[in-house]
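# Topology and contacts: notes
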Amino acid sequence: MNIEVNEILNTYDGGLTWRSDYAVDGKFCVARLRNRLDKAHHPVGDGEFWWLNSVPKKVTSFVGRAKQGRISFAEALERRNILVTSPMCGLCADQIESTDHILTSCSMVKETLCMVLNWCGIPLEYFSGVNEVLAFARNWGHCPKKKETLTCIIYGTIWSLWKARNDRIFRGEILKPAKIMDFIKGTVFTWRKYRAKKGDTMDWDKWCVSPLTCT
Ligand SMILES: [Zn+2]
């Protein structure tokens, strides 16, 4: 993150004690730091990353980790010698389950991404990794508002695909791409209507037909 350490914590008395604007009654206050983070413009690790206020922080943080390949899938667990039943993708059983595979290139996932692009009125594209799909949204078109909406939808898509993957593994529920698509539409609509406080400008029927015009 682009906040200097010494803005958060300063030692004095030769390093024996510390003080911080983020402390209350001698205790470090996470809420104050969080407030500061909210105001920061966050590049996350490798390259540009868009920290959108309309997207819940747990989602943005997940997408940021996925971008850096820091999600603990079976492959990652195996590397750490944690026992897993199979390193293969549980959907296609054809490829190792990696971040990029489960979020962009598995056949079921590709189908969902195609539906998302189609819903947005964007010609089909195929992606081989999370970085690629994020860069596509960030660089798409010329209208900043539409670009922001598309990025928000892509974050919602990545999050929903991850949720669908977990529901399948932990609850045995297999969601078809059309169902995941419904979840994406509903989730991102709620983010934009309430979190981005767009209220009345967000119309569900319009959103379902042409989301990028609901800015
Ligand atoms: Zn797969």
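Only a predicted model underlies this, so the values are computations on that prediction, with no experimental measurement involved.

### Let's talk about the overall build of the protein chain
- Of the regular secondary structure elements, the protein chain holds 10 helices and four strands.
- Counting from the amino terminus, the protein chain carries its helices and strands in the arrangement α-β-β-β-β-α-α-α-α-α-α-α-α-α.
- Considering only contacts in the protein chain between residues 6 or more positions apart, those separated by 24 or more positions represent 51%.

### Notes on the nonpolar core
- Ranked by internal contacts, the top residues of the largest apolar core, which has 35 residues, are Leu103, Ile154, Tyr155 and Ile158.
- Of all the elements in the fold, those that place two or more residues in this core are helix 3 (57-67), helix 5 (99-105), helix 6 (107-119), helix 7 (130-139), helix 8 (144-171) and helix 9 (177-195).
- With nine residues, helix 8 is the single largest residue contributor to this core.

### Some words on the confidence of the model for the protein chain
- Taken as a whole, the protein chain shows an average pLDDT of 82; of its residues, 75% reach a score of 70 or greater.
- Model confidence for the protein chain, summarised as mean pLDDT per element, is weakest for helix 4 (residues 74-79) at 60 and strongest for helix 6 at 95.

### Here's the deal with the packing of helix 8 against helix 9
- Their axes nearest at 9 Å, the elements helix 8 and helix 9 cross at an angle of 130 degrees. It follows that helix 8 is oblique to helix 9 by the angle criterion. Two packed elements cross with a definite hand, and for helix 8 against helix 9 that hand is right-handed. Contacts from Cys152, Ile153, Gly156, Thr157, Ser160, Leu161 and Ala164 in helix 8 reach Ile180, Phe183, Ile184, Thr187, Val188, Trp191 and Arg192 in helix 9.
- Across the contact of helix 8 with helix 9, the residue classes break down as nine nonpolar, four polar and one charged.

Reading the values: the criteria
Residues numbered from 1 in each chain as written. Predicted model: local features only at pLDDT ≥ 70, side-chain atom pairs only at ≥ 80, totals over all residues. Helix = DSSP H or I, 4+ residues; strand = E, 2+ residues; numbered from the N terminus. Contact = placed C-beta atoms within 7 Å. Core = buried A, V, L, I, M, F, W, Y, C linked by C-beta atoms within 7 Å. Buried ≥ 20, exposed ≤ 12 C-beta atoms within 10 Å, placed from the backbone. pLDDT = per-residue confidence, 0-100. Axes fitted to C-alpha atoms, helices over the stretch in contact; angles between N-to-C directions. Parallel < 35°, antiparallel > 145°, perpendicular 65-115°, else oblique. Left-handed = near helix turned anticlockwise from the far one by under 90°. Nonpolar A, V, L, I, M, F, W, Y, C, P; charged D, E, K, R; others polar.

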